[in-house]
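# Descriptive analysis of the structure
Residues per chain, in single letters:
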Amino acid sequence: MQNAPDTPYGKGYCSSHNIKGTILEGAILQDIQRQIDFVMNDSEAGAKYLARKRGNIAVRTAEDSKRKREIEKRIDDLSKLIRKVYEGRVLGNLPDKTCAELLADYQQEKDTLQAELDELLKRSETMAQNEADVDEYIHRLKSYAGDDTLTRQMAMDLLEYATVDRYEGEGKD
């Protein structure tokens, strides 16, 4: 399928790029060595990594806590409404059709909110894992102190992903 001429895809909008493997490996090894130097020479390295990791999620954590309280209150309100609908039906104050519609709507909203609450709780448990993750990462970094060659195992142990930015050196961009 060809792109239409006015769509921002294809050769007309993006040139080919390539990076020599040795340059990429060198940049990755240099970054790993910088991090090793940091953890070896800074006694606060663990706290700084943890603070950075928490800083990235601090806003989300506050929003999640607020949303969690809102959801819990609404689920409680829905439970009360469901009880009132049943009581209204038992007392004969509410027609069957209306009762069934209200119960279905309330239960659907409650199920949706419960799923969202479960996801928020799962995310907060994941955040609690941060400290152990930072300790493990620092341990792995220290195990490669003094290595001057990027190995497959080192990359697997230390890299989650590599971001390649625009080249600012000499030569063609």
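In this report, the structure presented in the accompanying data block is examined. Just so it is clear, the model here is predicted, and its values are computed rather than measured. (Residues numbered from 1 in each chain as written. Predicted model: local features only at pLDDT ≥ 70, side-chain atom pairs only at ≥ 80, totals over all residues. Heavy atoms only, no water.)

So, on to the packing of helix α1 (residues 21–41) against helix α4 (residues 130–143). The contact between α1 and α4 brings their axes to 9 Å, and the two run at 110°. The angle between α1 and α4 falls in the class roughly perpendicular. Contact residues: I32, Q35, I36, V39 and M40 in α1; Y137, I138, L141 and K142 in α4. Split by residue class, the contact of α1 with α4 holds 7 nonpolar, 1 polar and 1 charged. (Axes fitted to C-alpha atoms, helices over the stretch in contact; angles between N-to-C directions. Helix = DSSP H or I, 4+ residues; strand = E, 2+ residues; numbered from the N terminus. Parallel < 35°, antiparallel > 145°, perpendicular 65-115°, else oblique. Contact = heavy atoms within 4.5 Å. Nonpolar A, V, L, I, M, F, W, Y, C, P; charged D, E, K, R; others polar.)

A word on the pattern of salt bridges. As enumerated under the stated definition, the model contains 10 salt bridges in all. Across the pair R34 and D31 runs a salt bridge whose closest N-O atoms are separated by 2.5 Å. One end of the pair is R34 and the other is D31, both in helix α1 and 3 residues apart, which spans about a single turn. According to the relative accessible area criterion, R34 is exposed, its value standing at 52%. Its relative accessible area of 30% is what places D31 among the partly exposed residues. Among the salt bridges present, the one from E70 reaches R67, with a minimum N-O distance of 3.4 Å. One end of the pair, E70, and the other, R67, are both in helix α2 (residues 45–90), 3 residues apart, so they sit about a helical turn from each other. Connected via shared salt-bridge partners are R67, E70 and E116. (Salt bridge = Lys/Arg side-chain N within 4 Å of Asp/Glu carboxyl O. Buried < 20%, exposed > 50% of the residue type's maximum accessible area, 1.4 Å probe, protein only.)

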